[in-house]
Amino acid sequence: MADIEMSDASKTPVVAEEVVDPIQKANEASLLTFAGLIDKGVDTKEMRFIVSVLRQTQSIRKKLNYKVLNQIVNFAFSHPNHTTKKNFLLSFLKSDGSSMDIDSNTQTEKETTPSSHLNIEVESYIHLLVLIYLIDQKRYEDATKCSSALMETVQSNTRITLYPLSSKIFFYYSLSYEMTNNLQEVRSTLLSALRTATLRHNDEGQATIINLLLRNYLEYNLFEQADKLLANTQFPESASSNQFARYFYYQGRIRAIQLEYAESFKFLTQAIRKAPQNTAGGFRRTVYKLLSIVQLLMGEIPERNTFSQKQLKTALKPYFQLTEAVRVGDLGSFNQALEQNTEVFKSDQTFTLVQRLRSNVIKAGLKKLNTAYSRISFNDICTKLKFDGTTQDIMFIIAKTIKDGVIDATINYEGGYLQSRENTDAYSTQEPLHAFSNRIDICLKIHNDSLKAMRFHPDLNKAETEKIAEVAKTIKEEMERQAEESSDNEGDSDF
């Protein structure tokens, strides 16, 4: 009997053993390290620790799974005071059953000692990770409930160390509702959060909320409300480059709809400059699609190398066909490209702008005919442009084109033809001056932005700053004195 009992006892621990995945353990250790950095940032009032954790959101996002989040939630909310919060988060993490929850609970209780103190920043970060996990799993209904609870937590706290996290929370809160096609429901909440962020000088949160509101308005084609928001708010200058890129893109869309193509081109160009060069391929494709249409509406032809880039070649193929039709001035090719890619333009939300290009195609064709013929009749113009209207319609379009300065010609109403004038040299006009002035303005803006972006060490006090200024002044005086002595010696030798 003793031998049998010994055999049973020896089998018992073998059944209880559980294989631990080393990758899962490494992911849990990474999350615990991030939580420790957030705690350190809260204790030392150093935002850089919290910001460094948030920069790793995309990398840690790929490692999130049910087991990792279950362990982290049980570890962080192990004290009885946090039972309500723990049960709320664990309700979103149920998968196969509750047995795994019991195992994780017993493991964390053995390894750690419960702590009644938990910073709101760490709590919000773990809550945010659960929200991101739900969005990645396409559980959008649960994500909306989770994000609403997280928003209540953020809005009820005024701690400055919560500001970096709040901008991320605002973004995923809006994203969860956008995935359920209920984006209009968060508008009032975001407006209230914008007022709070402005009063508390939460610059990053303010920039994020402005972009989210602009996206909200543009999603429902509320361009007037979006324009009013731009007029009544001031985008913080200390916002990140990514937020500036989004802000410029939304401004470019609004100005394009309002027929202000020059302003739209300027904002879209700035959005491309501010966007990351090696990542954010989807954002760059979206901006280039709109930028190519705006350039065509301005009467310019986009550069060919824009359409030949590896990341943009496939996405910009329909817009390249439009560009070729506008460049040649062929209405037949334009109508064919429009019919083939109507669904693409509607999904890209550029269909309204593409429809405006018809007049530009006609203008490009007229410009080409004006260069090739000294005199051409209206009937021949309709035939060569494949214009489906009457000669009277084309006559009015030609008159508008001459008034806009696209072509330099006169209309002979009695003879029914277009009389071209002699071509003038472009360098005798003001066009080179305007182009050179625009390039100078861009360079000066880049220089001013670079000066604003210069950072100084925060530990330098006033005395050390004055000391550095005195040393610089002494060095400058010494160099001037040496220059004067050298000039005197040179003068003596010459004499």
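Residues numbered from 1 in each chain as written. Predicted model: local features only at pLDDT ≥ 70, side-chain atom pairs only at ≥ 80, totals over all residues. Heavy atoms only, no water.

A separate point is the overall build of the protein. The helix and strand inventory of the protein stands at 26 helices and three strands. Every one of the 495 residues in the protein was classed for burial, and the buried ones make up 40%. Considering only intrachain contacts with a sequence separation of at least 6, the fraction spanning at least 24 residues in the protein is 65%. Put simply, the protein shows about 29,400 Å² of open surface, and 52% of that area lies on carbon and sulfur atoms. (Helix = DSSP H or I, 4+ residues; strand = E, 2+ residues; numbered from the N terminus. Buried < 20%, exposed > 50% of the residue type's maximum accessible area, 1.4 Å probe, protein only. Contact = heavy atoms within 4.5 Å. Areas by Shrake-Rupley, 256 points an atom, 1.4 Å probe, with all protein chains shown as cover.)

Attention shifts here to the sheet that holds strand S1 (residues 375-377). Spatially, S1-S3-S2 is the arrangement adopted by the three strands of the open sheet, whose pairing is antiparallel. Of all strands in the sheet, those bounded by a partner on one side alone are S1 and strand S2 (409-412). The sheet shows a mean angle of 20° between the axes of neighbouring strands, direction not considered. Of the pairings in the sheet, the one linking S2 to strand S3 (residues 417-420) comprises four bridges and is antiparallel in character. By the bridge assignment for S3, Thr410 is matched with Gln419. (Pairing = 2+ DSSP bridges. Axes fitted to C-alpha atoms, helices over the stretch in contact; angles between N-to-C directions.)

With that settled, consider the environment of Lys266. As for its placement among the helices and strands, Lys266 is situated in helix H15 (residues 261-274). Measuring from C-alpha to C-alpha, the distance between Lys266 and Leu291 comes to 9.6 Å, with 25 residues separating the pair along the chain.

This brings us to the packing of helix H22 (residues 357-372) against helix H23 (residues 378-385). One can describe the packing of H22 onto H23 by two numbers: an axis separation of 11 Å at closest approach and a directional angle of 120°. In terms of their interaxial angle, H22 and H23 are classed as oblique. The handedness of the crossing between H22 and H23 comes out as right-handed. Each of Ile362, Gly365, Leu366 and Leu369 in H22 lies in contact with H23, whose residues at this interface are Ile381, Lys384 and Leu385. Tallied by class, the residues present in the contact of H22 with H23 amount to five nonpolar, one polar and one charged. (Parallel < 35°, antiparallel > 145°, perpendicular 65-115°, else oblique. Left-handed = near helix turned anticlockwise from the far one by under 90°. Nonpolar A, V, L, I, M, F, W, Y, C, P; charged D, E, K, R; others polar.)

Below, the discussion takes up helix H10 (residues 163-179). With 17 residues, H10 should cover 24 Å at 1.5 Å per step; its first-to-last C-alpha distance of 25 Å lies within 8% of that length. The buried fraction of H10 is high, at 14 of 17 residues. (Expected span 1.5 Å × (residues − 1).)

Another aspect to go through is the confidence of the model for the protein. As a general rule, the predicted coordinates of low-pLDDT regions are not to be interpreted in detail. Taken over all residues, the pLDDT of the protein has a mean of 77, while the share at 70 or more is 82%. When pLDDT is averaged over each helix and strand of the protein, the minimum, 41, is found for helix H7 (residues 99-111) and the maximum, 91, for helix H14 (residues 241-257). The model gives residues 96-114 a pLDDT under 50, and that stretch makes 18 contacts with residues more than four places away or in other chains. In the model, residues 487-495 has pLDDT below 50 throughout and makes zero contacts with residues more than four positions away in sequence or in other chains. (pLDDT = per-residue confidence, 0-100.)

Counted by the stated rule, this structure contains eight salt bridges. Here the salt bridges share partners, and the residues they tie into one network are Asp227, Arg255 and Glu260. (Salt bridge = Lys/Arg side-chain N within 4 Å of Asp/Glu carboxyl O.)

With respect to the helices and strands, Asn202 occurs in the loop between helix H11 (187-199) and helix H12 (203-219). Look at Asn202 and you get buried, because its relative accessible area is 7%. Reaching out from Asn202, the side chain makes a polar contact with the side chain of Ser166 at a distance of 3.1 Å. (Polar contact = N/O pair within 3.5 Å; in protein donor to acceptor, adjacent residues only side chain to side chain.)

With that settled, the discussion passes to a nonpolar patch on the surface. There is a patch of nonpolar side chains on the surface, built from Phe436, Ile440 and Leu444 and spanning about 300 Å² of accessible area. Looking at where Ile440 falls in the secondary structure, it is placed in helix H25 (residues 431-453). (Patch = residues over 30% accessible without salt bridge, like charges linked within 9 Å, V, L, I, M, F, W, Y side chains within 5 Å.)

Looking now at the pairing of S2. Burial of S2 is one-sided: the residues Ala409 and Ile411 facing one way are buried, the residues Thr410 and Asn412 facing the other way are not. What sits between S2 and S3 in their antiparallel hairpin is a turn of four residues, with Gly416 showing a positive phi close to 70°.

The next point concerns the nonpolar core. Counting 119 residues, the largest nonpolar core has Leu31, Tyr125, Leu214, Ile381, Ile394 and Leu418 as the members making the most contacts within it. A total of 11 residues in this core trace back to one element, the largest contributor, which is helix H8 (residues 120-136). Apart from the residues lying within four places of it in its own chain, the contact partners of Ile394 are Ile362, Phe378, Ile381, Cys382, Leu385 and Phe387. (Core = buried A, V, L, I, M, F, W, Y, C linked by side-chain atoms within 4.5 Å.)

Moving on, we get to the packing of helix H9 (residues 140-155) against H10. Packing of H9 against H10 leaves a shortest axis separation of 9 Å and a crossing angle of 150°. By the criterion of interaxial angle, the relationship of H9 to H10 is roughly antiparallel. Handedness of the H9/H10 crossing: left-handed. When H9 is examined against H10, the residues Tyr140, Ala143, Thr144, Ser147, Ser148, Leu150, Met151 and Val154 are found in contact with a partner set consisting of Ser166, Ile169, Phe170, Tyr173, Ser176, Tyr177 and Met179.

Our focus in this paragraph is unusual backbone geometry. Here Lys138, not a glycine, exhibits a phi torsion of approximately 60°, which is positive. Looking at the element boundaries, Lys138 is found in the loop between H8 and H9. On the accessibility criterion, Lys138 (63% relative accessible area) is exposed. Its identity is not glycine, yet His201 carries a phi of approximately 60°, on the positive side. With respect to the helices, strands and loops of the structure, His201 is situated in the loop between H11 and H12.

Two numbers describe a pair of aromatic rings. These are the distance of the centres and the angle of the planes. What the rule picks out here adds up to 11 aromatic pairs. Ring centres of Tyr173 and Tyr177 lie 5.3 Å apart, and the angle between their planes is 65°; on these two criteria the pair is classed as edge-to-face. A residue pair is termed a helical-turn pair when its members lie 3 or 4 positions apart in one helix, as Tyr173 and Tyr177 do in helix H10 at four residues. Like Tyr177, Tyr173 is buried. With a centroid separation of 6.2 Å and 15° between ring planes, the pair formed by Phe248 and Phe267 is classed as stacked. Here Phe248, found in helix H14, pairs with Phe267, found in helix H15; they are 19 residues apart in sequence, far enough to count as distant. A residue is classified by how much of its surface remains accessible, and Phe248, at 8% relative accessible area, is buried. An aromatic cluster of at least three residues, connected via ring pairs, comprises Phe235, Phe244, Tyr247, Phe248 and Phe267. Geometry around Phe267 places Lys266 over its ring, the cationic atom sitting 5.2 Å from the centre. (Phe/Tyr/Trp six-rings, centres within 6.5 Å; stacked < 30°, edge-to-face > 60°. Lys NZ or Arg CZ within 6 Å of the ring centre and 35° of its normal.)

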